[in-house]
Structures are given as C-alpha cells and as structure tokens.
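Chain by chain, the residues run as shown.
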Amino acid sequence: MRSDFRFFHRLRVRYSEVDWQGIVFNAHYLTYLDVAVTEYFRTIGLDYKQLAQEGKMDMALVKTTLEYKSSAMFDDELDIGVRISHVGNTSYNAEFEIYKTGLEDLVLIAQTIYVNYNPVKRKSEPVPDFFRSLVQTFGP
C-alpha cells in the first residue's frame, strides 16, 4: 500500500518503452526499479558509483520477483515506491510498488535481493555498517 513507502521516484513512460499493444513492455520494469533504487540511495546519502569505485560497497542482484497488477501506457507518469525491508549479514531486500501518479492504481509489486559483493575477490562480503545505519535512520 502506498502509505507503506516513505520514498517515491517519479518517471514518465516513454514511447520506446511500450510494445505494439501500447503498454509498457515487461522488461522495462526492471530498468524502472533500477533507476528508483539508485535515486533512493542518492536520497539517503549514498553515492553508489563512488562506493563501488573505492571498493567500499558493491552489489549484485541475485533475485527479482515481479507481480503485474495493471498496465502502464505511453506518457503515464509513474510513482515508484522503494524501501529496504531487510538487511541481513551479506544481503538486503528491497521492495517496490509502482502506482500511476495521482491515483491509487497499483501497476506492479516487486521484491529484489541484493548481495554485497567484492568484485576483486569475486565473493560476497558483509553489508557495511554505514549502509545499515543510513537505511535504519531513513526508515521504510
């Protein structure tokens, strides 16, 4: 439900993202989630690119679940809710809900699991305490 999310990122569906039926092609929702979680990180004070370059934190997406509720069309404005629902030892879960702007029309529910990853060692590492703290401080 919309009220469960503190953070939303708004975007407009572009013509190139719709299929011949005029609705958003399913694979584009993964890009929408990626854009929204990046903006969430920026909002809570994380510069993902810098953290990865400095070797302080990197992530690997290991699982995504998408549940389609209704269709989005060309030129619709969408509000993408993001929250980190769980931070474990080496992974964290993000939850998403996409709504049409100004409406309670739920378009999509999604969950992702990211693993904190060291690309040099090619293995998972514990989620850094600074990440855990920023997520807890920001809230759902």
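Whatever comes next refers back to the structure up there.
Residues numbered from 1 in each chain as written. Predicted model: local features only at pLDDT ≥ 70, side-chain atom pairs only at ≥ 80, totals over all residues. Heavy atoms only, no water.

Caption draft 1: Looking closely at the pattern of salt bridges. Following the criterion strictly, the structure yields 12 salt bridges and no others. Notably, a salt bridge pairs Glu104 with Arg2, separated by 3.4 Å at the nearest N-O pair. Note that Glu104 is positioned in the loop between strand 4 (91-100) and strand 5 (106-118) and Arg2 in the segment before strand 1 (7-12), a separation of 102 residues in sequence. For Arg2, a relative accessible area of 19% corresponds to the buried category. If you follow the salt bridges from partner to partner, you end up with Arg2, Arg10, Asp79 and Glu104 in one network. (Salt bridge = Lys/Arg side-chain N within 4 Å of Asp/Glu carboxyl O. Helix = DSSP H or I, 4+ residues; strand = E, 2+ residues; numbered from the N terminus. Buried < 20%, exposed > 50% of the residue type's maximum accessible area, 1.4 Å probe, protein only.)

Caption draft 2: How the structure looks around the packing of aromatic side chains. Evaluation of the coordinates by the stated rule reveals 11 aromatic pairs. Their ring planes at 75 degrees and their centres at 5.5 Å tell us that Tyr29 and Tyr32 sit as a pair that is edge-to-face. Of this pair, Tyr29 and Tyr32 are both found in helix 1 (residues 28-44), 3 residues apart, which corresponds to roughly one turn of the helix. When sorted by exposure, Tyr29 lands in the same class as Tyr32, which is buried. For the pair Tyr92 and Phe131, a centre-to-centre distance of 4.6 Å together with 45 degrees between the ring planes defines the contact as tilted. Of this pair, Tyr92 sits in strand 4 while Phe131 is found in helix 3 (residues 129-138), placing the two residues 39 residues apart along the sequence. The pair Tyr92 / Phe131 is uniform in exposure class, with both members buried. Through pairs of rings, three or more aromatic residues link up here, namely Phe7, Tyr40, Phe41, Tyr92, Tyr114, Phe131 and Phe138. (Phe/Tyr/Trp six-rings, centres within 6.5 Å; stacked < 30°, edge-to-face > 60°.)

By themselves, these are just geometric observations and shouldn't be taken as functional.
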